Amino acid sequence: TDEATKAACIALVGKIRGNVNQEHSLGIAEIVLLQPRTVPKTSSGKIARAWCRKAFLQGTLKVVYRKRFTGDQSGNSGTVTMAPAQKALNPKDVAGIRAMGHKELLNKLVTDISRLSSLPPDSIDRDAPLVTILDSLSLSQFKGIVEGSYGAQISDEYLFQESTNLKKLVDVVKAGKDDGGSGDGGGTRIDQGGSAGGIAGALGCPPGVVCCVIQ
C-alpha cells in the first residue's frame, strides 16, 4: 500500500542519514529515492553522475520519495541552523533544570535536537546514538546548548560515543556532568587550558568546538 511504501521510505532515509552522519560526520541537505532502474547510466553501465546532477536540478528524476533536511525549501543546499545565543545561568536556574522530571527534560532536549537537525520531534529516536542524528558541526553546537542552557559539562569523548543517546543525556544533565568519558569511545581527552573542553580546550578553541584523535 501507499502508506506501507511511505513508511519503508522514511525508515530507509533515516538509516541513510544516520550512517552518513556516523561514518563521515557530514550533513545531508536532501535524500531522493528513485524508481527502480531509472538512475541515469552511461553506455558502459556506470552511474552517469553529471546526468544525475542535471536531472536532479531540473526536477526530471523519477522520484518515489524525497526528504529535505534544511530549512531552505527552495531546494538550495548548504543551509546551517545556528544555535541561539545562550545567556549565563545562575544557581537558581541550574537548580530548576536539575529538578525537572525525566520526561520534561527529555522533551526539551528533543526540541533542541529538532531545531538543529530540521527533523520533526516525533521522528527523533530517543535511543539512537547522537552521532547518527547530528553531523559533527551540529553536534558541536548541541554541546554548546547543553553547557549553556542546561548548565551541564559534557566531554567531547562522551558526546561522540556510539552509546550516548538522548535518554542517557537526561541523566548527564541532571547530574551536571558526564561520567568522565568511560565507555567505548575511541578518542583521547586532554583537559588543560582553553575555553572549550578536551583537545579543543587544549588548543584554545571556543566552546562548542570538538577535536577527536583516532587511536
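Residues numbered from 1 in each chain as written. Predicted model: local features only at pLDDT ≥ 70, side-chain atom pairs only at ≥ 80, totals over all residues. Heavy atoms only, no water.

A. Layout of the layout of surface pockets. The space that makes up the second largest pocket amounts to roughly 390 Å³. If you go around the second largest pocket, you meet 18 residues; those closest to its centre are Ile10, Val13, Gly14, Leu119 and Ser123. Elements that contribute at least two residues to the lining of the second largest pocket include exactly helix H1 (2–24) and strand S2 (63–68). Residue composition of the lining of the second largest pocket, grouped by class: 11 nonpolar, four polar and three charged. (1 Å grid on protein atoms, 1.4 Å probe; cavity = no way out; pocket = protein on both sides within 12 Å on 5 of 7 lines; lining within 4 Å. Points joined across faces, edges and corners; volume = space filled by probe spheres on them. Helix = DSSP H or I, 4+ residues; strand = E, 2+ residues; numbered from the N terminus. Nonpolar A, V, L, I, M, F, W, Y, C, P; charged D, E, K, R; others polar.)

B. Geometry of the pattern of salt bridges. Overall, the coordinates contain five salt bridges when judged by the stated rule. Close ionic contact of Lys167 with Asp127 constitutes a salt bridge, the shortest N to O distance being 3.3 Å. Within this pair, whereas Lys167 is found in helix H7 (residues 166–175), its partner Asp127 is found in the loop between helix H4 (102–117) and helix H5 (136–149), the two being separated by 40 residues in sequence. On the accessibility criterion, Lys167 (36% relative accessible area) is partly exposed. A salt bridge links Asp156 to Lys143; the nearest nitrogen and oxygen atoms lie 2.4 Å apart. Here Asp156 is found in helix H6 (residues 156–159), whereas its partner Lys143 is found in helix H5, with 13 residues between them in sequence. For the pair Asp156 and Lys143, one class covers both residues: buried. One connected set of salt bridges, linked through shared partners, spans Glu30, Arg66 and Arg68. (Salt bridge = Lys/Arg side-chain N within 4 Å of Asp/Glu carboxyl O. Buried < 20%, exposed > 50% of the residue type's maximum accessible area, 1.4 Å probe, protein only.)

C. Layout of the packing of H4 against H7. The geometry of H4 relative to H7 is characterised by a closest axis approach of 9 Å and an angle of 115 degrees between their N-to-C directions. The angle between H4 and H7 falls in the class roughly perpendicular. Considering how the two elements wind past one another, H4 and H7 form a crossing that is right-handed. Residues His102, Leu105, Leu106, Leu109, Val110 and Ile113 of H4 lie in contact with H7, whose contacting residues are Leu166, Lys167, Leu169, Val170, Asp171, Val173 and Lys174. In the contact of H4 with H7, the residues fall into nine nonpolar, one polar and three charged. (Axes fitted to C-alpha atoms, helices over the stretch in contact; angles between N-to-C directions. Parallel < 35°, antiparallel > 145°, perpendicular 65-115°, else oblique. Left-handed = near helix turned anticlockwise from the far one by under 90°. Contact = heavy atoms within 4.5 Å.)

D. Local environment of the confidence of the model for the chain. On average, residues of the chain score 77 in pLDDT, and 73% of them reach the 70 mark or higher. Considering only residues more than four positions removed or in separate chains, one finds that residues 71–85, a stretch of pLDDT under 50, has 19 contacts. Low pLDDT, under 50, characterises residues 181–196; the stretch is placed with 39 contacts to residues that sit more than four places away or in other chains. (pLDDT = per-residue confidence, 0-100.)

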